[in-house]
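Commentary on secondary and tertiary structure
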Amino acid sequence: MGITLDELNGIQLDVLKEIGNIGAGNAATALAKMIDKKIDMNVPKVQILEFKEVPELIGGEETPVCGIYFRVEGDITGHIMFLLALKSSKSLTNMLMARDDETEAMDEIEQSAIQEIGNILSGSYVSSLSALTNLNIKISIPSLAIDMAGAILSVPVIQYGQMGDKVLLIETELIEGGHQVKGFFFLIPDMESFETLLSSLGVLK
Amino acid sequence: MSEIKKIGMADLNVIKNPGILTTLGLGSCVGITLYDPITKIAGMAHIMLPSSKTIRNNTNAAKFADTGTQLLLEEVLKLGASRGRLLSKLAGGAQMFSFANKNDIMKIGERNVIAVKEVLQELRIPIIAEDTGGNFGRTIELYADSGILLVKTIGHGTKQI
């Protein structure tokens, strides 16, 4: 039987939070290299929240957001989602493409750019997780969706829903010049993988 | 001004005319509505998973198609709805992300819709309208005076069912 978020103890939570910090830090460095600019990052917030609190973080269920979803494969299985408000995605693609497009919609090139950014951020996050745990962890190619926050969030929430009524998420804020980008990582290990993860970190009771 | 009751994920609520029940941003979850056109009693549930039987942590009845629909039925009956007159409408059950190779978890929206239909059939409550599937989110509003279900989307229009 797997372990649920509600059953995690303080030390286990601290370890998961620390992984979040390191992973998000590496992700920010990767982004800085990609756009060749200095990126400032606030200390990531790692939180365990009730389902209903999650949409509020990003401005409500109907806020347009961009979600990039990956399958996690290897010694642990599960999913990773990188989520950001549509406005933040625009800031990111503007940074990457060195332009100032103020429109709300994302064209095909921007969609593929944001997918690639998600890929690099999630990839560097996963490789820090892999290095810390000595586990072999890979991610699949990304899948992108742009829609209401509630609808996109239903995907990780449902997967966490099979284990309990809470989700684990990492909030990262990136700042480049006048642009501010707030992104959220959801790490969703499959039930059995939660145990593998904690035990490889040496914190499984 | 009629009262608007908001229903969150894994939640349900009932109302007697006048009033509106709403749930925002349904993705793979399914919104189930029950309506008695004579007493104008309306109920809405926002379920997340097909079955409470396969999950260890299943204390929240409104989270699952089977227990959620059952509880919603009990609640509208408590408010005075007549069981024989109840009509149901469904919305949601989308697949927000797609991957090349098949993955059971990604089909959760479709599985939710199938599960809800099975439960409603067992309970002998007719489904008179639905707007399910696809790859987009939906906000729904159920009007207690008319029983109309309004479905709003980003980029896929608005419709009444």
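Before any of the text, the structure's been laid out above.
Quick summary incoming for the structure in this document. Since we're looking at a predicted model, the values are computed, not measured. (Residues numbered from 1 in each chain as written. Chains lettered and ligands numbered in written order. Predicted model: local features only at pLDDT ≥ 70, side-chain atom pairs only at ≥ 80, totals over all residues. Heavy atoms only, no water.)

Let us now look at the interface of chain B and chain A. The partner chain A presents 38 residues to the 32 residues of chain B that form the contact. Both sides of the chain B and chain A interface together cover about 2700 Å² of buried area, and 65% of this is carbon and sulfur. In this assembly, chain B and chain A are joined by one salt bridge. As a salt-bridge pair, Glu61 of chain A and Lys6 of chain B come within 3.3 Å of each other at their nearest N and O atoms. Counting across the chain B and chain A interface gives six residue pairs in polar contact (both at pLDDT 80 or more). Tallied by class, residues from the side of chain B that touches chain A come to 15 nonpolar, 12 polar and five charged. (Contact = heavy atoms within 4.5 Å. Buried area = accessible area lost by both parts, 1.4 Å probe. Salt bridge = Lys/Arg side-chain N within 4 Å of Asp/Glu carboxyl O. Polar contact = N/O pair within 3.5 Å; in protein donor to acceptor, adjacent residues only side chain to side chain. Nonpolar A, V, L, I, M, F, W, Y, C, P; charged D, E, K, R; others polar.)

Attention now moves to the packing of aromatic side chains. Going through the model one piece at a time under the given rule, you end up with three aromatic pairs over all chains. Measuring from ring centre to ring centre gives 4.7 Å for Tyr69 of chain A and Phe97 of chain B, while their planes differ by 20°; the resulting arrangement is stacked. Of this pair, Tyr69 of chain A sits in strand E3 (residues 64–74) while Phe97 of chain B sits in the loop between strand E6 (87–92) and helix H2 (108–122), placing the two residues on different chains. Both residues of the pair, Tyr69 of chain A and Phe97 of chain B, count as buried. Ring geometry for Phe82 of chain A versus Phe185 of chain A: centroids 4.8 Å apart, planes at 35°, classification tilted. (Phe/Tyr/Trp six-rings, centres within 6.5 Å; stacked < 30°, edge-to-face > 60°. Helix = DSSP H or I, 4+ residues; strand = E, 2+ residues; numbered from the N terminus. Buried < 20%, exposed > 50% of the residue type's maximum accessible area, 1.4 Å probe, protein only.)

Here we take up the packing of helix H1 (residues 10–35) of chain A against helix H4 (residues 108–133) of chain A. Residue and element names in this part refer to chain A. Where H1 meets H4, the axes come as close as 8 Å, and the angle between the chain directions of the two elements is 140°. As judged from the angle between their axes, H1 and H4 are oblique. The way H1 lies across H4 gives a crossing that is right-handed. Packed against H1, whose contacting residues are Ile19, Gly20, Ile22, Gly23, Ala24, Asn26, Ala27, Ala28, Ala30, Leu31 and Met34, the element H4 presents Glu116, Ile117, Ile120, Leu121, Ser124, Tyr125, Ser128, Leu129 and Leu132 at the interface. Each residue belonging to the contact of H1 with H4 can be placed in one class, and the counts come to 14 nonpolar, five polar and one charged. (Axes fitted to C-alpha atoms, helices over the stretch in contact; angles between N-to-C directions. Parallel < 35°, antiparallel > 145°, perpendicular 65-115°, else oblique. Left-handed = near helix turned anticlockwise from the far one by under 90°.)

Honestly, it's all geometry; don't read function into it.
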